[in-house]
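So the chains spell out like this:
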Amino acid sequence: MSSFPRVRLRRLRGSAALRGLARETRLSASDFIYPIFVTHGRDVRNEIDPMPGIYQLSLDHLITEVGEVESLGIPAVLLFGIPAKKDAEGTEAYETNGILQEAIRVIKQTAPDLLVIGDVCLCEYTDHGHCGVIENETVDNDKTLELLAKMAVCQADAGADIVAPSAMMDGQVGAIRAALDSYGYENLPIMAYSAKYASGFYGPFRVAADSTPQFGDRNGYQMDPANVQQAMREIEQDIEEGADIVMVKPALSYLDVIATAKKKFGYPMAAYNVSGEYSMVKAAAENEWIDGQRITMEILTSIKRAGADMIISYHAKEMARWLAV
Ligand code: PBG
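Here the structure is a predicted model, which means the values were calculated and not measured. (Residues numbered from 1 in each chain as written. Predicted model: local features only at pLDDT ≥ 70, side-chain atom pairs only at ≥ 80, totals over all residues. Heavy atoms only, no water.)

*Asks:* What should I look at first to understand unusual backbone geometry in this one?
*Replies:* Leave glycine aside and you will find that most residues have negative phi; peptide bonds, for their part, are mostly trans. Residue Pro 5 follows Phe 4 across a cis peptide bond; omega there is 10°. Of note, the bond from Lys 249 into Pro 250 is cis; its omega dihedral lies within 30 degrees of zero at -10°. Within the chain, Asp 210 stands out as a residue other than glycine whose phi angle is a positive 50°. Judged by its relative accessible area of 49%, Asp 210 is partly exposed. One non-glycine residue with positive phi stands out, namely Glu 288, at about 60°. Tracing the backbone through its elements, the reader meets Glu 288 in the loop between helix H9 (275–286) and helix H10 (292–306). (Buried < 20%, exposed > 50% of the residue type's maximum accessible area, 1.4 Å probe, protein only. Helix = DSSP H or I, 4+ residues; strand = E, 2+ residues; numbered from the N terminus.)

Structural data, given as structure tokens:
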């Protein structure tokens, strides 16, 4: 390697145009997936306290929301449902007229080209707040698989374009793939939350979805934040079971996991810029301790630079607006 003074790396930083030519990572509205919380009722638009700008929306408001998302050039939404009733088995998750299924139908009628991704997990629907059914004070893996498979098929019946299992049950991708195939949905892709960590960064989401576990925690099924080798095993297993897209979640504290996985598998990769990551930026920006727009762009660029092909983010709409100017 030849070096200074022949090599001067500053030469390509001298103007905005030069920096633009040399830029390695570019964000576009088409990189983003926008999460939406849907709820029963009419004219409901509850702002989520720790997530300024993010709302629980009833179906009438959902129509306006998806119109806006589509006009901003964002290709997909990820839906979370807040049920009318919660019970031990999360029944509303797999009822034909459950809130998530109704929301999918509404979107497919009003914005048929927008991709609709359904979150497949029971925690928003169970009264105990865990991601599956409880047996002997723990989440029973194999019983939960049956319900997750049912939930995925129910979302497919409603018109979902992609299903996204996030319960961190072993075998969930395989079980869902088999169920979808047996109902004729062999072309419906699965976006697997493969490396989903037991993270404090989900705190604001649990307020939004009212899904805080009523006892214990999720450490028995979500991953230990200290592990990266194990994340590769989770991803490898999901790919073997038929995942079409694999995900790392959260994103910002796990950029190394994203980068390692992208290099190792070369597979379509999603990263979830989760609620806590959003809330921290919003809170600091509101205090004028940081420049919110600048920091958001930097964070999202880093997630793409690490290797994510698509980013699920509550910032998606504002990002699309910033990118358009
Ligand atoms: C469902 C689910 C969670 C999130 C996405 N899907 C919550 C959890 O596991 O507690 C979190 C997303 C976010 O924090 O933005 N299991």
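*Asks:* I keep staring at the packing of helix H2 (residues 59–71) against helix H3 (residues 99–110) and nothing clicks. Help me out?
*Replies:* For any two helices packed against each other, one specifies the crossing angle of their axes together with the interaxial distance. Packing of H2 against H3 leaves a shortest axis separation of 10 Å and a crossing angle of 45°. In terms of axis orientation, H2 runs oblique to H3. For the pair H2 and H3, the crossing hand works out as right-handed. Residue-level inspection shows Leu 59, Leu 62, Ile 63 and Val 66 of H2 in contact with H3, the latter providing Ile 99, Glu 102, Ala 103, Val 106, Ile 107 and Thr 110. (Axes fitted to C-alpha atoms, helices over the stretch in contact; angles between N-to-C directions. Parallel < 35°, antiparallel > 145°, perpendicular 65-115°, else oblique. Left-handed = near helix turned anticlockwise from the far one by under 90°. Contact = heavy atoms within 4.5 Å.)

*Asks:* Help me understand the site of the ligand, please; the structure alone is not making it clear to me.
*Replies:* In the vicinity of the ligand, 20 residues are found, and the nearest of them are Lys 196, Arg 206, Lys 249, Ser 275 and Tyr 314. Lys 249 has a polar side-chain atom sitting 3.3 Å from a nitrogen atom of the ligand. The side chain of Tyr 314 places a nitrogen or oxygen atom 2.6 Å from an oxygen atom of the ligand. The fraction of the free accessible surface of the ligand (400 Å²) that becomes covered by protein chains is 100%. Those elements giving two or more residues to the shell around the ligand turn out to be strand E9 (191–196) and helix H6 (203–209). Across the shell around the ligand, the residue classes tally to eleven nonpolar, three polar and six charged. (Near = heavy atom within 4 Å. Polar contact = N/O pair within 3.5 Å; in protein donor to acceptor, adjacent residues only side chain to side chain. Areas by Shrake-Rupley, 256 points an atom, 1.4 Å probe, with all protein chains shown as cover. Nonpolar A, V, L, I, M, F, W, Y, C, P; charged D, E, K, R; others polar.)

*Asks:* Just to check I follow, could you spell out the packing of helix H4 (residues 141–158) against helix H5 (residues 172–182) for this structure?
*Replies:* Between H4 and H5, the shortest axis-to-axis distance is 9 Å and the interhelical angle comes to 45°. As far as their axial angle goes, H5 and H4 are oblique. Read as a crossing pair, H4 and H5 show a hand that is right-handed. Residue-level contacts link Leu 145, Leu 148, Ala 149, Ala 152, Val 153 and Ala 156 of H4 to Gln 172, Ala 175, Ile 176, Ala 179 and Leu 180 of H5.

*Asks:* Looking at this model, I keep getting lost on the state of the cysteines. Mind explaining?
*Replies:* Disulfides are covalent bonds that link the sulfur atoms of two cysteine residues. In the structure shown here, the tally under the stated rule is zero disulfides. With no disulfide of its own, Cys 121 lies 3.5 Å from the sulfur of Cys 131, the closest cysteine sulfur. By relative accessible area, which is 1% here, Cys 121 ends up buried. (Disulfide = S-S within 2.5 Å.)

*Asks:* Please explain the nonpolar core as it appears in this structure.
*Replies:* As a rule of thumb, soluble globular proteins bury nonpolar side chains together. Formed by 110 residues in total, the largest nonpolar core has its most connected members in Phe 37, Met 191, Ile 258 and Ile 303. When residues of this core are assigned to their parent elements, the largest contribution, nine residues, is made by H4. Other than its neighbours up to four places away in sequence, Phe 37 contacts Ile 48, Ile 54, Tyr 55, Gln 56, Leu 57, Phe 80, Ile 82, Phe 205, Ala 208, Ala 209 and Tyr 314. (Core = buried A, V, L, I, M, F, W, Y, C linked by side-chain atoms within 4.5 Å.)

*Asks:* Just to check I follow, could you spell out the pairing of strand E4 (residues 76–82) for this structure?
*Replies:* Along a regular strand, successive side chains alternate from one face of the sheet to the other. In terms of burial, E4 is largely enclosed, as seven of its seven residues are buried. By the alternation rule, side chains of E4 split into Ala 76, Leu 78, Phe 80 and Ile 82 and Val 77, Leu 79 and Gly 81, which are all buried. Where strand E1 (residues 32–39) meets E4, seven bridges bridge the pair, whose relative direction is parallel. Counterpart to Ile 33 in the pairing with E4 is Ala 76. Where E4 lies against strand E5 (residues 115–120), four bridges are found, and the strand directions are parallel. Within E5, the residue paired with Leu 79 across the bridge is Gly 118. One crossover worth recording links E4 to the parallel E5 by way of H3, and it is right-handed. (Pairing = 2+ DSSP bridges. Right-handed = clockwise from strand over helix to strand, strands pointing away.)

*Asks:* Quick question: what am I supposed to make of the packing of aromatic side chains here?
*Replies:* The description of an aromatic ring pair uses the distance of the two centres, along with the angle that the planes make with each other. Taken as a whole, this structure holds eight aromatic pairs when the rule is applied. For the ring pair Phe 37 and Phe 80, a centre distance of 5.5 Å and an interplane angle of 25° mean the geometry is stacked. Here Phe 37, found in strand E1, pairs with Phe 80, found in strand E4; they are 43 residues apart in sequence, far enough to count as distant. Under the relative-accessibility criterion, Phe 80 is labelled buried at 2%. With a centroid separation of 6.3 Å and 5° between ring planes, the pair formed by Phe 37 and Tyr 314 is classed as stacked. Remark: Tyr 314 occurs in the loop between strand E12 (310–313) and helix H11 (316–324) and Phe 37 occurs in strand E1; sequence separation between them is 277 residues. Each member of the pair Phe 37 and Tyr 314 is classed as buried. In this arrangement the basic side chain of Lys 196 is found over the ring face of Tyr 202, its NZ or CZ atom lying 5.6 Å from the centre. In this structure, Lys 249 is placed above the aromatic ring of Tyr 202, and the distance from its NZ or CZ to the ring centre is 4.4 Å. (Phe/Tyr/Trp six-rings, centres within 6.5 Å; stacked < 30°, edge-to-face > 60°. Lys NZ or Arg CZ within 6 Å of the ring centre and 35° of its normal.)

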